[in-house]
Amino acid sequence: MTTTAAQPVRFDTKIAVLLREDLETWQRLNVTAFLVSGLGTPLPEVIGEPYEDADGVGYLPMFRQPVLVFEGTKETLTTAHARVLSRALPRAVFTSDLFTTGNDRDNRAAVRAVSTRELDLVGLAVYGPRNAVDKVMKGARMHP
């Protein structure tokens, strides 16, 4: 992370989510929430300090940096997935099958049942160095 007194904070890393463009609004929100929830536990450096208001009421810590949300076609997601795997970056996936499951155990089983190349991806989250994440997201556009 770099900063000067007059300039905003610029992080050396990036958190990005890529959503398939044909998702309904509720699906986009749900997929984004699920995907980013996977980053904090194995990557504690992405989490900032806890919050507290002026009355001393505490709140949970959140990511220390913005989450950029992109969208793209099914093909864009497939390409981004291959790129993230080739770069061995921390990632989370959400497949179309997860819309039909109702719990974590069934979610994991649904992903485990499909080979890597056959995953019907609707969302992908990635964390890593800015340049590497930019390369993974190449071809995607910022979510409107």
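First things first, this report covers the structure right here in the doc. Quick caveat: nothing in here was measured; it's all calculated off a predicted structure.

Rules used in this analysis
- Residues numbered from 1 in each chain as written.
- Predicted model: local features only at pLDDT ≥ 70, side-chain atom pairs only at ≥ 80, totals over all residues.
- Heavy atoms only, no water.
- Buried < 20%, exposed > 50% of the residue type's maximum accessible area, 1.4 Å probe, protein only.
- Helix = DSSP H or I, 4+ residues; strand = E, 2+ residues; numbered from the N terminus.
- Pairing = 2+ DSSP bridges.
- Phe/Tyr/Trp six-rings, centres within 6.5 Å; stacked < 30°, edge-to-face > 60°.
- Core = buried A, V, L, I, M, F, W, Y, C linked by side-chain atoms within 4.5 Å.
- Contact = heavy atoms within 4.5 Å.

## As for the pairing of strand 1 (residues 13–20)
Across a regular strand the side chains alternate sides, sitting on one face of the sheet and then on the other.
Right, so step 1: The buried fraction of strand 1 is high, at 8 of 8 residues.
Right, so step 2: Here strand 1 shows a buried face lined by T13, I15, V17 and L19 and a second buried face lined by K14, A16, L18 and R20.
Right, so step 3: Judged from the 6 bridges that link them, strand 1 and strand 4 (residues 67–72) form a sheet pairing that is parallel. For L18, the partnering residue across the bridge sits in strand 4 and is F70.

## Some thoughts on the packing of aromatic side chains
Right, so step 1: The final tally for this structure, using the stated rule, is 3 aromatic pairs.
Right, so step 2: Summarising the aromatic geometry, the rings of F94 and F99 are spaced 5.2 Å apart at their centres and angled 50 degrees between planes, so their arrangement reads as tilted.
Right, so step 3: Feature note: the residues W26, F34, F94 and F99 constitute an aromatic cluster, connected by ring pairs.

## Section: the nonpolar core
Within soluble globular proteins, side chains that are nonpolar tend to cluster in buried spots.
Right, so step 1: Counting residues in hydrophobic clusters, the biggest one holds 16 residues, and the most contacted among them are L18, V126, V136 and M137.
Right, so step 2: Listed by contribution, the elements that provide at least two residues to this core are strand 1, helix 2 (74–86), strand 6 (121–129) and helix 4 (130–136).
Right, so step 3: Those residues in contact with V136, other than ones at most four positions away along the chain, are A80, R83, V84, R87, L89 and V126.
Right, so step 4: In this structure, V17, L19, L23 and A125 belong to the second largest nonpolar core, which totals 12 residues.

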